[in-house]
Amino acid sequence: MNARHVLAIDQGTTGTKAVVVSGDGQVIGSASTEFPQYYPRPGWVEHDPEEIWRTVTGTAERALRDARVRPGELAGIGITNQRETTVAWERPTGCPAHRAIVWQDRRTAGMCRRLTESGTGQLIHDKTGLLLDPYFSGTKIAWLLDHVDGLRKRAEAGEILFGTIDSWLVYKLTGGRVHITDCTNASRTLLMDLAEVAWDDDLLGLLHIPRQVLPEIRPSAQVYGETDRGAFLGAAVPVAGILGDQQAALFAQACFEPGQAKNSYGTGSFVLENTGHQPRLGSEKLIATVAYGIEGEPVEYALEGSVFVTGAAVQWLRDGLGIIGTAEETESLAASLDGNDDVWFVPAMAGLGAPDWDPRARGTLLGVTRGTTKAHLARAVLESEAYQTRDVVDVMCAESGEQITELRADGGAAVNGWLMQFQADILGIPVDVPEMTETTSLGSAYVAGLSTGVFADRGELQRTRRTGRRYEPQMSQDQRDGLHARWREAVKRASHWAREEA
């Protein structure tokens, strides 16, 4: 049998999607399912790992039916996942020991603050490329070990396993035979030495985490094992690729050379730039991370800028203020004005992420007059997405030493033509939107396809990516720099507003 299809499992924060990708890189079937979110206390966010697993099996079966592909016709399975969400489960039974702690969860803020005050933040940054923040997995593991009755003793006895969602899914897919993670997800844990691509004993000791609970770190493109016939689809299919969701988008956008960058416009936005075979730690304004690893090759690294609120601000206009009915309305509203009339919105509802990292900043609307309309608010919200992206790109170019000459865009807001044109204008470089915007799913399908011979090499993947629409900058340098300087004034007004971090 010459299997030429790949199943991609895209396990996200609020839902799971499965897509079937053909040998020419096209999506031929898909299905998706949402699952519950649990908020046991303010600032705590949890998922039920078994509910996630059920959405994976259900969406995979429906996607295959949609594509009219039998499980035995699959060359492999790729996984992309919400990256820092942490799961603990029993080695003998595979049953979760607790609900998963989601990447959004802030319960370990006090632990991070104490570690920072003890002077360990610089050590962690130097080894991992990350900031000491509850966002990442390491302090979540430490919290579970310290707060779930008997869990630390059982972990030290070898009875408990930990992992991010990718590890949990591979364990379930293979019937408990394989406990691994890929290098992109491992690089988000606070526990991996970024240069060595290995768990670090100093970091494990700092957070009191026994090494034996952690998965083996593997490349992003490799055959890890086969599915258990009784656990998944009734067929033995190679599990052959894993990428964290933002790295998957970078891979699908064919950003294979240093200086190539993408931005995914979602609830927040994530700008990633390929920096080549050496990690670039730079300052603490950006995160250094693994971009991907191909079996037999050195890993590729990236710089990442996480913008907390972009599409969420459009949702706020719709659901919080009720001044628009759909997100699509913002495009025509913004275009109805010749300029912003000096109305500015800083979407710091959850503080500011990269490159400011100000948890005390708060959402701020400036320049309002009696002539201000909902069109001004819509335009100010869209402009804020573009300005925040420029803030990140400017720092990236300075810290990577590579000039970004094009930004590849994906995500929900990439269909907003007004925003994409304004983004090109404010950056002063072209913005390129692909025909196929299923970038996270495609990225995991591509690495699995490389591992199983469906795709010959990255050159073939580059040819598969086609531009849907390209936006060239039309604004003068003086105008874009003047607008950006005014934006930075607005950011200063929003900074350090909250009396204390929640």
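Residues numbered from 1 in each chain as written. Predicted model: local features only at pLDDT ≥ 70, side-chain atom pairs only at ≥ 80, totals over all residues. Heavy atoms only, no water.

(A) The packing of aromatic side chains, seen in detail. Inspection of every chain in the model, using the stated rule, returns 16 aromatic pairs. A centroid spacing of 5.4 Å and a plane angle of 10 degrees characterise the contact between Trp316 and Phe345, whose relative ring orientation is stacked. Of this pair, Trp316 sits in helix α10 (residues 311-321) while Phe345 is found in strand β19 (residues 344-346), placing the two residues 29 residues apart along the sequence. Assessed through its relative accessible area of 4%, Phe345 is described here as buried. An angle of 40 degrees between the planes, with centres 5.5 Å apart, marks the rings of Trp344 and Tyr387 as tilted. Of this pair, Trp344 sits in strand β19 while Tyr387 sits in helix α12 (residues 374-400); the two residues are 43 residues apart in sequence, bridging distant segments of the chain. Side by side, Trp344 and Tyr387 carry an identical accessibility label, which is buried. Each residue in the set Trp344, Tyr387, Trp418, Phe422 and Trp487 is aromatic and connected to the rest through ring pairs, giving one cluster. Sitting over the ring of Tyr38, Arg99 keeps its end group 3.8 Å from the ring centre. If you follow Arg107 out to its NZ or CZ, it ends over the ring of Trp44, 3.8 Å from the centre. (Phe/Tyr/Trp six-rings, centres within 6.5 Å; stacked < 30°, edge-to-face > 60°. Helix = DSSP H or I, 4+ residues; strand = E, 2+ residues; numbered from the N terminus. Buried < 20%, exposed > 50% of the residue type's maximum accessible area, 1.4 Å probe, protein only. Lys NZ or Arg CZ within 6 Å of the ring centre and 35° of its normal.)

(B) Highlighting the pattern of salt bridges. Under the counting rule described, the total for this entry stands at 33 salt bridges. The shortest N-O distance in the salt bridge between Asp146 and Arg152 comes to 2.9 Å. Accessibility expressed as a relative area gives 48% for Asp146, which makes it partly exposed. The partner of Arg488 in a salt bridge is Asp356, and the shortest N-O contact between them spans 2.8 Å. Of the two residues, Arg488 is situated in helix α16 (residues 477-494) and Asp356 in the loop between β19 and β20 (364-366); the sequence distance between them amounts to 132 residues. Residue class for Asp356 comes out partly exposed when judged on its relative accessible area of 30%. Each of the salt bridges in this network shares a partner with another, and the network as a whole consists of Glu406, Arg408, Asp432, Arg465, Arg470 and Glu472. (Salt bridge = Lys/Arg side-chain N within 4 Å of Asp/Glu carboxyl O.)

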